[in-house]
Amino acid sequence: MVSEELIRQLFRTQDQAVIRRLSEISETVIYKKRQEIHKAGETYTHFYMLLRGAVYTYFYDEHQHPVVLCFFSEKNDFMNVENFNKQSTVGMTALTETEVFRVPIKEILQLSDEIPTLILEYAGYLQKTMMYLCVINNRRMNLTAEERYQWFCEKWPEVEASASNKQIASFLRMRPESLSRLKAQMKQSEKEAKTSEDKIIMIEKDSGNITELVDLIDLLPDYYSTTSLPGGAEDLDWMHINS
C-alpha cells in the first residue's frame, strides 16, 4: 500500500475512489545495487515507475550476451519498455540503490474495466517511454563515438559515476577497450589544452624568439597520466617549477 498523495503525483485521475483503490494495490520497493527488478524472459507481473536511484534495462543478443538497452534515472520514469501481455525480452536491474513504485498488472487491468481512463494513463506513459528510446537510438546511430560518449556524460552524470566501463560501452554500442581508449584520449586532450607552468622556455633578449627547453609531460609521463583537472579549475597546475 502507498499513500494517496503518491498516487496523485503519478496519475492524472481525480476520482477519489480510484485513487484509494490504486493506493491499496500498489507498493514501493527498495532494490539494492545490482538487484534484478525484472528478469528478461519472464512475463511481466507489474508496471514499474522509478522514484529514486538509477536502473538499466538489457536484452540478450544471439550469443546470449547481455546488451544494455537504456538507463532510467529521472523520477517517475515508466520502465516497462514492452507490451505487458507477452513474455518479455528485456530485463531491468538496479544500478544503484533504487526505490521503485510498482502496481500489479492483473489488478490494474481489473480496475480498468471499471475505469477505462486508466488504460489511457498506461498508453501515455508507454508512449513517453517509446519516444525516449527513439531519441536514444537516434543519438547512437547519428553521433560519432566521441559525441556519443560526451552526450552520455551530459545526460546521465550519475550513471557515468556508477556504471561499469563494460555497461557504458554496451549502451553506446562500442567495445569496452575502444571506450577506454576514447576516454584516455579525451582526458589527454583536455589536460594538454589546459596545463600551466609545466614547461621551461628560453626567450632570446634581442630577437624575442621563444624556444621550449623542457616539457615535464615528456619527462614524467607516468605521473602526469594520474592527474586530472579539478572541478571548476580553468587549467591544470600539476607541476609547479621555477627556473
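Okay, so let's go over this structure. On a predicted model such as this, the values are computed, not experimentally measured, just so you know.

**Describing helix H5 (residues 145–155)**
- Of all the positions in H5, only Arg 148, Tyr 149, Trp 151 and Phe 152 are classed as buried. Seen along its axis, H5 keeps its buried residues to an arc of 160°; they face one direction.

**Concerning the sheet that holds strand E6 (residues 91–94)**
- In spatial order, the strands read E2-E6-E4-E5; together these 4 strands make up an open sheet with antiparallel pairing. The sheet is open, and its two edges are formed by strand E2 (36–38) and strand E5 (66–72), each paired on a single side. Between one strand axis and the next, the sheet turns by 30° as a mean value, whatever way the strands run.
- With 2 bridges joining them, E2 and E6 adopt antiparallel strand pairing. Within E6, the position partnered with Glu 36 by the bridge is Thr 93.

**Some points on empty space enclosed by the protein**
- Applying the stated criterion across every chain yields a total of 1 cavity of 30 Å³ or more.
- Reported here for the largest cavity is a volume of approximately 160 Å³.
- Forming the boundary of the largest cavity are 15 residues, of which Phe 11, Phe 47, Ile 108, Leu 118 and Tyr 122 lie nearest the centre.
- Among the secondary structure elements, those contributing two or more residues to the lining of the largest cavity are strand E3 (46–52), strand E7 (98–104), helix H3 (105–114) and helix H4 (117–142).
- When its residues are assigned to classes, the lining of the largest cavity shows 13 nonpolar, 1 polar and 1 charged.

Calculation rules
- Residues numbered from 1 in each chain as written.
- Predicted model: local features only at pLDDT ≥ 70, side-chain atom pairs only at ≥ 80, totals over all residues.
- Heavy atoms only, no water.
- Buried < 20%, exposed > 50% of the residue type's maximum accessible area, 1.4 Å probe, protein only.
- Helix = DSSP H or I, 4+ residues; strand = E, 2+ residues; numbered from the N terminus.
- Arc of directions from axis to C-beta.
- Pairing = 2+ DSSP bridges.
- Axes fitted to C-alpha atoms, helices over the stretch in contact; angles between N-to-C directions.
- 1 Å grid on protein atoms, 1.4 Å probe; cavity = no way out; pocket = protein on both sides within 12 Å on 5 of 7 lines; lining within 4 Å.
- Points joined across faces, edges and corners; volume = space filled by probe spheres on them.
- Nonpolar A, V, L, I, M, F, W, Y, C, P; charged D, E, K, R; others polar.

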